[in-house]
Amino acid sequence: MAQNSVTVKQLVDNTRLEIVAGKQYLERVITTADISRPGLEMTGYFNYYAPERVQLLGITETSFSERMGHEELLMVFRRMADPVTPAFVVSTGLPISEELKQAADEAKIPILTSTLTSSRILSNMTYYLGGQLAPRENVHGVLIDVHGLGVLITGDAGIGKTEAALELIQQDKARLVADDRVDIYQEDEERLIGEPNEVLRNMMEIRGVGIIDVQQVYGAVSVRSHATIALNIHLSNGKIGEANFDRLGNDNDTLEILGVKIKRMVVPVTPGRNTASVIDAAAVKFRTANMGIDALKTLEERMSVEMVKNEKIDLENKHD
Amino acid sequence: MTQSKDFHIVAETGIHARPATLLVQAASKFTSDVTLSYQGKDVNLKSIMGVMSLGVGQGADVTIKTDGDDEESAMAAIVEAMETEGLAE
């Protein structure tokens, strides 16, 4: 697990911000996904100022600043422009005061802008920074999108995770997100996002064949940049009779990553069993179960009806 | 020499889906053929769908047969599973 950091340049590139000033300062580092709206600080109240955050100035701050004198405004912006402040962002294409430009330049802080409203910029920045700065963990496995469902395939090396994924990709049933190493971060309390390591993006290693660039070979629609992990399918070498595999699909097995629990199915891999089609069936079952389709319940209801019938037959036989 | 044993099902739910799974898992650990008979119908006790198809309810009398190299230990394991789950006496 590693805590990442993001440069202002990455923020600019990923949230479509424009650079107004301080192009040479874009390597400044952002360490928190929280954004500061320094409204009260404009009035000189700095007791709870969070200088390490990106400072977002909108209509409130800008219109208030228009009522302030030159000296006062410069003093406030100089206090805001802390050595650890990564950037100033001005929303809604609002005019940027000379005082802000001067204070930012003195502290070597870039000023960014966008025509979007403060709320939209705030949401875009929080979403991007939240993802980048969230704790990360990488897992040995293959992440594919099966019919729109992120399926993390795990299991011992050589058990056939990649081969099963490849078969589903070839059949247009799945898209590759990451092979062998899946980088996972937590988007919110119950959502895990998996993505490939940059070096390995779109690549698969097939034993005996070598490296395949899936996007080049199978086309742009055969890959995805990331996926929400909904299901873990763990491939196991055990013989079907030996271990206690879930026979009815009613086990509540889970895999925990970064404190988030996801549904886990342990699937035995045996000769003659097509792992790819089993994974496909598992994904489809998981999806339809979420839609309320419960085959086991239907089967149990039929069994109950059968038991009542059989009980009558048993009674009649006893009387004979 | 085939092992054969009669069971009287006492569990309120009968051999429903979950208990069926436990019996099948117990039987599947052995190489012997394991058969469950009820009302003149025989099914393979290693087949969960087969067991569930019989509709064995509370009060039913069933017969289990094991046949093979490990038939005695297979029968012992099934008796144990029946008792542990309170399925039969």
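Residues numbered from 1 in each chain as written. Chains lettered and ligands numbered in written order. Predicted model: local features only at pLDDT ≥ 70, side-chain atom pairs only at ≥ 80, totals over all residues. Heavy atoms only, no water.

K.L.:
Any chance you could explain the overall build of chain A here in plain terms?
P.N.:
Along its length, chain A carries 10 helices and 18 strands. Here the C-alpha radius of gyration of chain A, 28 Å, is well above what a compact globule of 320 residues would show, namely 20 Å. Its C-alpha atoms put chain A at 105 × 55 × 30 Å along the principal axes. Burial statistics for chain A: of 320 residues in total, 46% are counted as buried. Taking the intrachain contacts of chain A between residues at least 6 apart in sequence as the baseline, contacts between residues at least 24 apart amount to 68%. Of the charged side chains in chain A, 34 are positive and 46 negative; the average position of the first set lies 2 Å away from that of the second. (Helix = DSSP H or I, 4+ residues; strand = E, 2+ residues; numbered from the N terminus. Rg over C-alpha atoms; globule rule 2.2 N^0.38 Å. Buried < 20%, exposed > 50% of the residue type's maximum accessible area, 1.4 Å probe, protein only. Contact = heavy atoms within 4.5 Å. Lys, Arg positive; Asp, Glu negative; His and termini not counted. Charge placed at Lys NZ, Arg CZ, Asp CG, Glu CD.)

K.L.:
Sorry if this is basic, but what is going on with a nonpolar patch on the surface here?
P.N.:
Residues and elements named next belong to chain A. A cluster of nonpolar residues, L40, Y45 and Y48, forms a patch on the protein surface that exposes about 390 Å² of accessible area. Along the polypeptide, Y45 turns up in the loop between α2 (39-42) and β5 (54-57). Residue Y45 is classed as partly exposed on the basis of its relative accessible area, which comes to 36%. (Patch = residues over 30% accessible without salt bridge, like charges linked within 9 Å, V, L, I, M, F, W, Y side chains within 5 Å. Areas by Shrake-Rupley, 256 points an atom, 1.4 Å probe, with all protein chains shown as cover. Salt bridge = Lys/Arg side-chain N within 4 Å of Asp/Glu carboxyl O.)

K.L.:
For this particular structure, what's the right way to read the sheet that holds strand β3 (residues 41-44) of chain B?
P.N.:
Paired through backbone hydrogen bonds, the strands of a sheet run either parallel or antiparallel to each other. All names here are of chain B. Here we have four strands laid out as an open sheet, ordered β1-β4-β2-β3, and antiparallel in their pairing. If you trace the sheet from one side to the other, it starts and ends with β1 (3-8) and β3, each paired once. The mean angle between the axes of side-by-side strands here comes to 25 degrees, regardless of whether they run parallel or antiparallel. Note that strand β2 (residues 33-38) and strand β4 (residues 61-67) share five bridges and pair antiparallel. Pairing of T35 across the sheet is with K65, part of β4. (Pairing = 2+ DSSP bridges. Axes fitted to C-alpha atoms, helices over the stretch in contact; angles between N-to-C directions.)

K.L.:
Explain the interface of chain B and chain A to me, please; I cannot follow it from the model alone.
P.N.:
Quoted interface sizes are often the accessible area lost when the parts come together. Across the contact, 24 residues belong to chain B and 17 residues belong to chain A. The contact between chain B and chain A buries some 1,600 Å² in all, and 54% of this surface belongs to carbon and sulfur atoms. For the chain B face of the interface with chain A, the top three residues by lost area are H16, Q25 and Q39 of chain B, together amounting to 31%. At the junction of chain B and chain A, the tally comes to six residue pairs in polar contact (both at pLDDT 80 or more). Counting residues per element, the ones that place at least two in the side of chain B that touches chain A are α1 (17-28) and α2 (48-53) of chain B. The greatest single-element share of the side of chain B that touches chain A, amounting to six residues, is contributed by α1 of chain B. When the residues that make up the side of chain B that touches chain A are grouped by side-chain class, the tally is nine nonpolar, 11 polar and four charged. (Buried area = accessible area lost by both parts, 1.4 Å probe. Polar contact = N/O pair within 3.5 Å; in protein donor to acceptor, adjacent residues only side chain to side chain. Nonpolar A, V, L, I, M, F, W, Y, C, P; charged D, E, K, R; others polar.)

K.L.:
Please explain the sheet that holds strand β4 (residues 35-36) of chain A as it appears in this structure.
P.N.:
All names here are of chain A. The five strands lie next to each other as β2-β7-β6-β5-β4, forming an open sheet whose pairing is mixed. The open sheet has two edge strands, β2 (18-21) and β4, and neither has a second partner. Two elements, β2 and strand β7 (residues 111-113), share three bridges in a ladder whose sense is antiparallel. When the sheet's bridge partners are listed, I19 is paired in β7 with L112. Lying on the sheet, helix α6 (residues 118-133) is in contact with β4, β5 and β6 (88-90); it crosses β5 at an angle near 165 degrees.

K.L.:
Mind showing me how you'd approach the confidence of the model for chain B here?
P.N.:
Segments scoring low in pLDDT should not have their predicted coordinates read at a detailed level. Residues and elements named next belong to chain B. Averaged over every residue, the pLDDT of chain B is 92; residues scoring 70 or more account for 100%. Confidence, read as mean pLDDT per element, is least for α2 in chain B (90) and greatest for β4 (96). Among the scores for the predicted complex, ipTM is 0.84 and pTM is 0.75. (pLDDT = per-residue confidence, 0-100.)

K.L.:
In this structure, what is going on with the nonpolar core? I would like to understand it.
P.N.:
Inside soluble globular proteins, nonpolar side chains tend to come together where they are buried. One finds L45, I64, I78 and M82 of chain B to be the most contacted residues of the largest nonpolar core, which totals 34 residues. Of all the elements in the fold, those that place two or more residues in this core are α10 (295-319) of chain A together with α1, β2, α2, β4 and α3 (71-84) of chain B. Those residues in contact with I64 of chain B, other than ones at most four positions away along the chain, are Q3, S4, K5, F7, V34, T35, L36, L45, M75, I78 and M82 of chain B. One finds L149, M265, V267 and V278 of chain A within the second-largest nonpolar core, a separate group that totals 31 residues. (Core = buried A, V, L, I, M, F, W, Y, C linked by side-chain atoms within 4.5 Å.)

K.L.:
It is not clear to me how unusual backbone geometry should be interpreted in this structure. Could you clarify?
P.N.:
Residue and element names in this part refer to chain A. One non-glycine residue, K108, lies in the positive phi region at around 60 degrees. One can find K108 in the loop between α5 (98-106) and β7. Given the relative accessible area of 48%, K108 is considered partly exposed. Look at D180: it is not a glycine, yet its phi comes out positive at around 75 degrees.

K.L.:
So what exactly am I meant to see when it comes to the side chain of R264 of chain A here?
P.N.:
Within the secondary structure, R264 of chain A sits in strand β18 (residues 260-268). Here R264 of chain A is in contact with N232, H234, D253, T254 and L255 of chain A, once residues within four sequence places are set aside.

K.L.:
How should the pattern of salt bridges be read in this particular structure?
P.N.:
Any two side chains of opposite charge can pair, on the condition that their charged atoms come close. Residues and elements named next belong to chain A. Following the criterion strictly, the structure yields 16 salt bridges over all chains and no others. Here R136 ties to E195 by a salt bridge, and the two come within 2.9 Å at their closest N and O atoms. Linking R136 in strand β8 (residues 136-140) with E195 in strand β13 (residues 191-196), this pair joins segments that are 59 residues apart in sequence. Here R224 makes a salt bridge to D145, at a shortest N to O gap of 2.7 Å. Separated by 79 residues along the polypeptide, R224 in the loop between α8 (214-218) and β16 (227-236) and D145 in strand β9 (residues 142-146) bring together distant segments of the chain. For D145, a relative accessible area of 3% puts it in the buried group.

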